[in-house]
Amino acid sequence: MTAVDISTTTLREAVALEERPSRPSAVSTSLTFGWRALLKIKHVPEQLFDVLVSPVVFTLMFTYLFGGALAGSTTAYIQFLLPGILVQTIIIVTVYTGYTLNSDITKGVFDRFRSLPVWRPAPIVGALLGDQVRYTIASVMCIGLGLVIGFRPDGGVLGVVAGVALLLVFAFALSWIFTILGLLLRTPNAVMGVSMMVLMPLTFASNIFVDPSTMPSGLQAFVDVNPVTHLVTAVRGLMGGVVDAGDIVTVLVSAVVMTAVFAPITMYLYRNRH
């Protein structure tokens with residue numbers, strides 16, 4: 001028997017299973033696709049550029065450009081700004097969920113995923129779970145830099161961890177909006193452009209940078225109903241040791257509503273995409 005015959009026989013024995021393998025669970029499949037998202041970062045480390053550089057740029061720029069004018073000193077302003085700039089950084093990073101999804105679609109990768117005998121939402125849920133690692137890295141970068149330049153959270157370690165956890169929950173829910181854009185738009189650049197148009201009013205017309213009490217009444221009305229405002233207030237309260245249960249509940253309810261509304265839309269578009 002030749003080496004080729006032996007290899008062929010071995011291969012046939014390996015694939016000739018007596019029982020059909022059990023179908024992987026939804027959890028294991030989602031975690032596998034989450035791991036795929038992390039492996040993409042390993043092989044293309046440039047994908048971490050936004051989560052490593054954006055927190056540094058935003059924190060330093062706003063602290064030292066506006067800190068003295070708005071709060072009298074950069075030390076005083078960083079106490080107010082850091083939780084807000086953390087929220088802005090993570091929310092902006094969520095845009096890349098739709099961007100990477102659209103990139104996979106244009107390359108034909110998701111057509112292969114849809115043909116696999118796995119839980120249908122797994123590729124998207126897994127990608128969102130993998131993005132949580134990116135958000136965590138960005139949070140660590142932003143908080144670490146804040147501590148270096150004078151941020152001192154009165155809520156201690158537990159307050160900081162709770163604030164970041166609340167932010168990650170909101171970011172997961174918000175990401176469903178950008179998955180919809182990733183499925184609807186034709187190119188990754190279009191996803192990026194439209195996403196930023198959605199995010200700019202939400203982030204800048206909020207309490208991230210200044211107290212809304214100085215704003216015109218019409219703008220204040222928008223700021224008051226802006227979910228980002230409630231998120232910033234909740235994170236700021238947790239890190240400052242002044243917990244407002246109402247804001248925390250509002251953020252959690254907003255996250256549940258966004259997931260309940262936009263996740264089914266995402267899956268409908270995903271199933272019916274041609």
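As a reminder, the structure under discussion sits directly above these lines.
Residues numbered from 1 in each chain as written. Predicted model: local features only at pLDDT ≥ 70, side-chain atom pairs only at ≥ 80, totals over all residues. Heavy atoms only, no water.

Q: Teacher, can you tell me more about the packing of aromatic side chains here?
A: For any two aromatic rings, the description comes down to two numbers: the centre-to-centre distance and the angle of the planes. Per the counting criterion, the structure on display carries eight aromatic pairs. Consider the rings of Y96 and Y99, whose centres lie 6.1 Å apart with planes at 65 degrees: the pair is edge-to-face. With Y96 and Y99 both in helix α5 (residues 95-106) and three residues apart, this pair spans about one turn of that helix. Residue Y96 is classed as partly exposed on the basis of its relative accessible area of 26%. In this structure Y99 comes out as partly exposed when scored by relative accessible area, which is 26%. Site record: aromatic cluster; members linked through ring pairs are F58, F62, F66, F204 and F209. (Phe/Tyr/Trp six-rings, centres within 6.5 Å; stacked < 30°, edge-to-face > 60°. Helix = DSSP H or I, 4+ residues; strand = E, 2+ residues; numbered from the N terminus. Buried < 20%, exposed > 50% of the residue type's maximum accessible area, 1.4 Å probe, protein only.)

Q: I keep staring at the packing of helix α4 (residues 74-93) against α5 and nothing clicks. Help me out?
A: To describe two helices that pack against each other, one gives the angle between their axes and the distance between the axes. Following both chains from N to C, one finds α4 and α5 inclined at 15 degrees, their axes separated by 4 Å at the closest point. Between α4 and α5, the angle is such that the two are roughly parallel. Of the residues in α5, those touching α4 at I91, I92 and V93 are V95, Y96 and T97. (Axes fitted to C-alpha atoms, helices over the stretch in contact; angles between N-to-C directions. Parallel < 35°, antiparallel > 145°, perpendicular 65-115°, else oblique. Contact = heavy atoms within 4.5 Å.)

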